[in-house]
Amino acid sequence: MASPLFAAEHHAAPAVEVSAAPRKVSSLRKWGPAMIAVAFVIAVNAVMFRDGTPQLTPQAQRKLSLSAERTRAVQQMKDTAFQVRDGFGSRHLTEDEGGVMEYTRRRHRYLGDYVHVDKSAAFSVFGKVSTSLIYFAFWVFLMFPNWFLPIGRPGIALGGGLSMVVWRFILRETGHGPYFNAEHVIIMEPLFLLFGLMLTTIYIEKMERGGLFDKLRDSLDDPVNWKRSAKIMAMSTIGSAAVMNDSVVLIFSGVVVDLCVRHKVANSLPYLLSLATTANIGSALTMTGNPQNILIVSLAYDNIGWIEFASNMVLPVVAATIINSAMMFVYYGSELFPGSSGFLENFGIMFGGNRTPEMLAQEHAYYARQSANKDPSAMMDDGYWSVWSRLQAVVVLLFLVFFACGFDVCVVSICAGAILMCISAYKRQHYDPKPSTIQYDEDGNLLPAKKTYDMDGNEIEPEDEELVTESETTLTEVDYGLLMLFIGQFLLIGSFDDTGVPQGFFNMTMGGCADQMAEGACVYWFVMIVTVLSNIASNVPVCQMLAATFPYASPYEWLQVSFSATIAGNLTMLGSAANMIVAFQAAKVGDRTFTSERHAPFGIPSTLLCLYAGTFLLAKVHFSPECSERLGECA
């Protein structure tokens, strides 16, 4: 139904959608906020550490002593074989089973066998330097994929991974490095999860025109630019907290691009940034919001429950969401508030209901287009849900329920995709109209049907022809290139971690704060180092590295790691898998606006402000203990 505004002014001249031509932005306006944010961070840390690194507190000294004692006890225990079903086994072992010491031994073996093995001593200086240079070279190529050859990020990442495998073999043969177990560094869970999510997304989108996916997409549509951006941010934040940020951006990247095309938006960057940045921020709220949170909860020495995790993260996530949204509306005010004279008028538009002539023209064009494109029968069926849409909704609801109940996310996502695949195949075979095989020549005359023959020369009757399968249709739309991108990055990052350079950087830059990471002023420097490392080596590998660096960290320390590693994803393009997915999905449909050099001017100031505001709130208001109960530190 047309809006009252359109109904009241239908007598006016036909509205033409206004799309302001992009204005050239000066370098100072483009990079000014980023430089101010960096200067702010430097000034804050300079003030906090003006008297040098604080001395170790008694609590930190006690923790170091207990950690060394526990590590020695674990190393002295017999290395007996054990059978576990999930990771390194239950946390709640009885005294007969070995209690906390047996759990610690299993955990250390698990960390050593699966997550990180310290091989840095086996590298020569040449091996470390050359491996690091290869990593950083391909890191630059991934940041700017079109500098040299149009290979694309998946090809660059896979080429870098294979180059690292070959180079590590050469280093081993020449005595400059250890054996590189390439299979060991490829973490399969994210690959399985992405495949399942892509499968589910494709079938939700392709099963039925006007179905669940189209209804979700239409809910984000709005004639007002800033409202459309706000809807995208709200959906992305809530969806990422409920499910996972990678799944949300995977599903809605194409939707955002489609909305930009529909509204003839001159610059789609604000909308793509709205999706990517809030997906990362929202995912920090829950332990299932992103892969690094799932990893942290599984590797944390002490138990961290779902309610405990979420209750600690509420204030930091809300603050980060408000800051990021406000900066979005200010930084991209000219695109989101066309015709506005500045911040004060934007404020009146948002909270006073005001409209500029350009915004009125956009609304008129939107409702006129809707009225022209909709026939009466379609308008009557707006609220109709077919049986296929209802089945989709049931499968998605069960997917969310099982996801929230803690079932394996990889299995749940693949099962959801497989169920939707079976439903889609059944629908196409028994209910969808069969594709017409009738052909005509240039003059409109009917052409005889083409005959097909088997290998023996016998004619195949039309009813005996092979059915079109999912392998020939929908399964071909899975982005296998995205899986290759992740495999290549795992190989690059895994080899780089072997050198010990990231760990050395962490210990060197932390200085005296290395043994009291989350105490006092050290916490602000600590989250800054985690942020930098997350953008150099990606957040999931950084969490793996830190699990081996301080295995007895308290729940509060892990929460700080989780928040900083997650928010750090908004600093650069390579800081988060969600950013890469948005860029990849948008480029796949022809939109290459979301690039590293366009992301950074907004990502840097937004990330730093969100990071420090959230860290301050988490440090002041948290419910998790600052000591490890399992280590005996709290006693």
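Residues numbered from 1 in each chain as written. Predicted model: local features only at pLDDT ≥ 70, side-chain atom pairs only at ≥ 80, totals over all residues. Heavy atoms only, no water.

Labelled according to an unreviewed UniProt entry, the protein appears under the name Citrate transporter-like domain-containing protein, originating from Phaeodactylum tricornutum. In its Subcellular location (unreviewed entry) section, the UniProt entry covering the protein states "Cell membrane". (UniProt positions renumbered as here; feature names shortened; annotations may be inferred.)

Colleague: How would you sum up the state of the cysteines? Please name residues and give values.
Modeller: What the rule picks out here adds up to two disulfides. In this model, C513 is linked to C522 through a disulfide, with the two sulfur atoms separated by 2.1 Å. Here C513 and C522 share a disulfide; its torsion about the S-S bond, -65 degrees, makes the bridge left-handed. According to the relative accessible area criterion, C522 is buried, its value standing at 0%. The side chain of C627 participates in a disulfide bridge whose partner is C634; the two sulfur atoms lie 2.0 Å from each other. Because the torsion about its S-S bond is 110 degrees, the bridge between C627 and C634 counts as right-handed. Ordinal numbering of bonded cysteines along the protein defines a disulfide pattern of 1-2, 3-4. (Disulfide = S-S within 2.5 Å. Buried < 20%, exposed > 50% of the residue type's maximum accessible area, 1.4 Å probe, protein only.)

Colleague: Give me the lowdown on a nonpolar patch on the surface, citing residues and values where you can.
Modeller: Where nonpolar side chains cluster on the molecular surface, the patch consists of V314, L315, V318, I322, V621 and F623 and spans about 530 Å² of accessible area. Along the chain, V621 falls in the segment after α27 (596-620). (Patch = residues over 30% accessible without salt bridge, like charges linked within 9 Å, V, L, I, M, F, W, Y side chains within 5 Å. Areas by Shrake-Rupley, 256 points an atom, 1.4 Å probe, with all protein chains shown as cover. Salt bridge = Lys/Arg side-chain N within 4 Å of Asp/Glu carboxyl O. Helix = DSSP H or I, 4+ residues; strand = E, 2+ residues; numbered from the N terminus.)

Colleague: Give a detailed account of the UniProt feature "transmembrane region" (unreviewed entry) in the protein, specifying residues and quantitative values.
Modeller: Under the local residue numbering, the UniProt record ascribes the feature "transmembrane region" (unreviewed entry) to residues 31-49, 129-148, 154-171, 183-204, 309-332, 393-426, 522-547 and 567-587. Between the C-alpha atoms that bound residues 183-204 the distance is 33 Å, and the span itself is 91% helix and 0% strand. For the annotated span residues 309-332, helix accounts for 96% and strand for 0% of the residues, and the straight-line distance between the end C-alpha atoms is 33 Å.

Colleague: Which residues make up the environment of L420, and what values do they have?
Modeller: Here L420 is to be found in helix α20 (residues 409-430). Classification of L420 by relative accessible area gives buried; the value is 0%. Measuring from C-alpha to C-alpha, the distance between L420 and Q392 comes to 7.3 Å, with 28 residues separating the pair along the chain. Once residues lying within four places of it in the same chain are set aside, the contact partners of L420 are T200, Y203, I204, M207, Q392 and V395. (Contact = heavy atoms within 4.5 Å.)

Colleague: Give me the lowdown on the pattern of salt bridges, citing residues and values where you can.
Modeller: Once the charged atoms of two side chains with opposite charge are near each other, the side chains can pair. The final tally for this structure, using the stated rule, is seven salt bridges. Across the pair R262 and D258 runs a salt bridge whose closest N-O atoms are separated by 3.4 Å. Of this pair, R262 and D258 both sit in helix α11 (residues 245-262), four residues apart, which is roughly one turn of the helix. One network of salt bridges, with partners in common, ties together D221, D258 and R262.

Colleague: Go over the packing of aromatic side chains with me, naming the residues and quoting the values.
Modeller: Within this structure, the stated rule accounts for 19 aromatic pairs. Considering the side-chain rings of Y331 and F602, the 5.9 Å spacing of their centres and the 65 degrees angle between planes classify their relative orientation as edge-to-face. In this pair, Y331 is assigned in helix α14 (residues 306-331) and F602 in helix α27, connecting sequence segments 271 residues apart. Residue F602 is classed as buried on the basis of its relative accessible area of 0%. Relative to F347, the ring of F343 lies with its centre 6.4 Å away and its plane at 45 degrees, an arrangement referred to as tilted. Residue F343 and its partner F347 are located together in helix α16 (residues 343-352), separated by four residues, close to a single helical turn. Judged by relative accessible area, which is 46%, F347 ranks as partly exposed. Joined through ring pairs, the aromatic side chains of F40, Y524 and Y612 make up one cluster. (Phe/Tyr/Trp six-rings, centres within 6.5 Å; stacked < 30°, edge-to-face > 60°.)

Colleague: Requested: an account of the confidence of the model for the protein, with residues and values cited.
Modeller: Note that predicted coordinates carrying low pLDDT should not be read in detail. Here the protein averages 81 in pLDDT, while 86% of its residues score no lower than 70. Per-element confidence in the protein ranges from a low mean pLDDT of 40 for helix α1 (residues 4-8) to a high of 94 for helix α12 (residues 269-283). Predicted confidence for residues 1-22 stays below pLDDT 50, and this span has 30 contacts to residues more than four positions away or in other chains. (pLDDT = per-residue confidence, 0-100.)

Colleague: Mind laying out the nonpolar core, listing which residues take part and the relevant values?
Modeller: Formed by 143 residues in total, the largest nonpolar core has its most connected members in F506, F526, L546, F550, W558 and F594. For F594, the contacting residues outside a window of four places in its chain are L269, L272, L273, A276, M573, N579, V582, A583 and H599. In this structure, L93, Y103, Y301 and Y552 belong to the second largest nonpolar core, which totals six residues. (Core = buried A, V, L, I, M, F, W, Y, C linked by side-chain atoms within 4.5 Å.)

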